[in-house]
Amino acid sequence: MVHPFAFETVWFDHFRYHEAERDFYERIAQKTSTDSGDGSNSSVLVGEIARAREQIKHSLNAPGSGVIDSELANKVEKLVIDNEQLKRTVEDLSALVKKMDVRITALEKS
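Summarised in this report is the structure supplied together with it. (Residues numbered from 1 in each chain as written. Predicted model: local features only at pLDDT ≥ 70, side-chain atom pairs only at ≥ 80, totals over all residues. Heavy atoms only, no water.)

Take the packing of aromatic side chains next. In this structure the tally under the stated criterion is 1 aromatic pair. Ring geometry for F24 versus Y25: centroids 5.2 Å apart, planes at 70 degrees, classification edge-to-face. The class of F24 is partly exposed, set by a relative accessible area of 40%. (Phe/Tyr/Trp six-rings, centres within 6.5 Å; stacked < 30°, edge-to-face > 60°. Buried < 20%, exposed > 50% of the residue type's maximum accessible area, 1.4 Å probe, protein only.)

Below you can see the structure in the form of structure tokens.
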């Protein structure tokens, strides 16, 4: 009886298929890189990136940015205070629940 995969050579020649696929994609990549010519697309992109960086620098150095930072700092400070108060409240409530549990346990035993 002949094994069903006896005539299949794909798995034995697997490396050849990988090499052919790699060569194919390398040719496509070379073709697209030579089609761009003098690199005008990349120079446009570089210019756009440079403009974006300048806009970011200007927006960070703008006089209004300090106001936003101080407002943000005030909000964060208020949130920290609220958080501390909530933690204290939770601790107090936890202590009360523990005391109530002890009292209920004592009442159930008697």
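There is more to say after this.
This part is about the pattern of salt bridges. One pass over the structure, following the stated rule, counts 2 salt bridges. Of the charged contacts in the structure, one is a salt bridge between D23 and R22, with a shortest N-O distance of 3.7 Å. Residue class for R22 comes out partly exposed when judged on its relative accessible area of 47%. Residue R22 is joined to E26 by a salt bridge in which the shortest nitrogen-to-oxygen separation is 3.6 Å. Note that R22 and E26 are positioned in helix α1 (residues 14–35) at a spacing of 4 residues, about one turn of the helix. Taken together, the salt bridges that share partners define one network made up of R22, D23 and E26. (Salt bridge = Lys/Arg side-chain N within 4 Å of Asp/Glu carboxyl O. Helix = DSSP H or I, 4+ residues; strand = E, 2+ residues; numbered from the N terminus.)

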